[in-house]
Amino acid sequence: MKRRATLPLIVLALGLGVGCFKQFDVAKFPTSVALYDAGLAKYRDGKWDAAILAFERLTLDLPSRDSLLGRAHWFLAQSRLRNEERLLAAQAFIRLAEQLPDDTLADDATFEAAGAYAGLWRRPSLDPQYGLLAQTQHRLLLAIYPDSRLADSSRAALRRLDERFALKDFDTGMQYVRRKAYDSAIIYFKDVVRNWPESDAARRAMLQLVLVYRLPVLNYKEDAEEVCGALRAAYPADAQVVVTCKVASADTSTATLVRR
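Please read these numbers as outputs of a predicted model, since none were measured by experiment.

What follows is about the overall build of the protein. Regarding its fold elements, the protein presents 13 helices and zero strands. When the helices and strands of the protein are read in sequence order from the N terminus, they spell out α-α-α-α-α-α-α-α-α-α-α-α-α. In the form shown here, the protein has an accessible surface area of approximately 15300 Å², with 54% of it arising from carbon and sulfur atoms.

As structure tokens, this is what we get:
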């Protein structure tokens, strides 16, 4: 009896649920201005799916000279970003910048596209494809909009990306150290120093080069001293440089390398 009594309630609840999730109908708005206002209201209410429907339709239907087009692209991209659709958001920002390069939001869109891509590269150890795409967008901003108010922010973001690229190669070098593949480790550490000389990973890579060169199996004393000379010149007050570059015995262990 209890099951029969509760069945209508379950059906009613399901019916209410379907009603709550009814799709936003873009066709019921007679003008683009009305649809834009409705999309903006959904955006402000955090109804990202509905906002996406509204602004996506506008980006498809509005003529290229319509004053609402740039803002429709912008809010479409922002809605996708807030809906955790970072790749689609980046692509939407890029469409704004490419289709409307003279729009006042074009440099903002390029910057936001870079940020969306960077957000997809969550750890330096992962495939750096999205990091490279973020780098490209920041460089585009600096090349096309050098006077943008976001130029300094893009430069700072590029430095942060460089740190991540450098750390990725540094970590690869450390993996080779653990495997005792020292020649490969040296290649990666040198790449860090050459490609990202201003990064903290470059300092760490140079310190590891000294330790690897001093290993008994290699015993590259002259190479170690050459790197130490560069370290002393670049980081004269760095305590780790002072300690590492002291004249040490050639009995540097692999355990010490990995721990540093």
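As a further point, take the state of the cysteines. Under the defined criterion, the tally for this structure stands at one disulfide. Bridging Cys228 to Cys245, the disulfide has an S-S length of 2.2 Å. Across the disulfide from Cys228 to Cys245, rotation about the S-S bond amounts to roughly -95°, and the bridge is consequently left-handed. With a gap of 17 residues between them, Cys228 in helix H11 (residues 221-234) and Cys245 in the loop between helix H12 (239-244) and helix H13 (254-259) connect regions that are remote in the sequence. For the pair shown, Cys228 and Cys245 are each scored as buried.

So, about the pattern of salt bridges. For the structure shown, the criterion picks out nine salt bridges. In this structure, Asp108 engages Arg149 in a salt bridge whose closest nitrogen and oxygen atoms are separated by 2.4 Å. Here Asp108 is found in helix H6 (residues 106-120), whereas its partner Arg149 is found in the loop between helix H7 (129-144) and helix H8 (151-178), with 41 residues between them in sequence. One salt bridge in this structure joins Arg203 and Asp238, with 3.5 Å as the shortest N-O distance. With Arg203 in helix H10 (residues 200-213) and Asp238 in the loop between H11 and H12, the pair connects residues that are 35 residues apart, well separated along the chain. Linked through salt bridges whose partners overlap, the residues forming this network are Glu56, Arg80 and Glu85.

Turning to helix H4 (residues 69-82), a few remarks are in order. Its 14 residues place the ends of H4 20 Å apart at the C-alpha level, agreeing with the 20 Å of an ideal helix rising 1.5 Å per residue. Along H4, 12 of the 14 residues are buried, which leaves the element largely enclosed by surrounding structure. Those residues of H4 that fall on the buried side of the exposure criterion are Leu69, Gly70, Ala72, His73, Trp74, Phe75, Leu76, Ala77, Gln78, Ser79, Arg80 and Leu81. Against the buried residues of H4 lie helix H2 (32-44), helix H3 (48-61), helix H5 (86-99) and H6. Two residues or fewer after H4 comes Glu84, characterised by a positive phi angle close to 60°.

One way to put it is that H3 packs onto H4 with a least axis distance of 8 Å and a crossing angle of 150°. As far as their axial angle goes, H4 and H3 are roughly antiparallel. For the element pair H3 and H4, the recorded crossing hand is left-handed. Facing H3, whose interface residues are Trp48, Ala51, Ile52, Phe55, Glu56, Leu58 and Thr59, H4 presents Leu69, Ala72, His73, Phe75, Leu76, Ser79, Arg80 and Arg82. Here the contact of H3 with H4 is composed, by residue class, of nine nonpolar, three polar and three charged.

Secondary-structure assignment places His138 in helix H7. Excluding residues within four positions of it along the chain, His138 makes contact with Phe111, Ala114, Ser154, Ala157, Leu158 and Leu161.

Turning our eyes to something else, we now look at unusual backbone geometry. Positive phi is not limited to glycine here, since Glu84 has a value of about 60°. Along the polypeptide, Glu84 turns up in the loop between H4 and H5.

Rules and cut-offs
Residues numbered from 1 in each chain as written. Predicted model: local features only at pLDDT ≥ 70, side-chain atom pairs only at ≥ 80, totals over all residues. Heavy atoms only, no water. Helix = DSSP H or I, 4+ residues; strand = E, 2+ residues; numbered from the N terminus. Areas by Shrake-Rupley, 256 points an atom, 1.4 Å probe, with all protein chains shown as cover. Disulfide = S-S within 2.5 Å. Buried < 20%, exposed > 50% of the residue type's maximum accessible area, 1.4 Å probe, protein only. Salt bridge = Lys/Arg side-chain N within 4 Å of Asp/Glu carboxyl O. Expected span 1.5 Å × (residues − 1). Contact = heavy atoms within 4.5 Å. Axes fitted to C-alpha atoms, helices over the stretch in contact; angles between N-to-C directions. Parallel < 35°, antiparallel > 145°, perpendicular 65-115°, else oblique. Left-handed = near helix turned anticlockwise from the far one by under 90°. Nonpolar A, V, L, I, M, F, W, Y, C, P; charged D, E, K, R; others polar.

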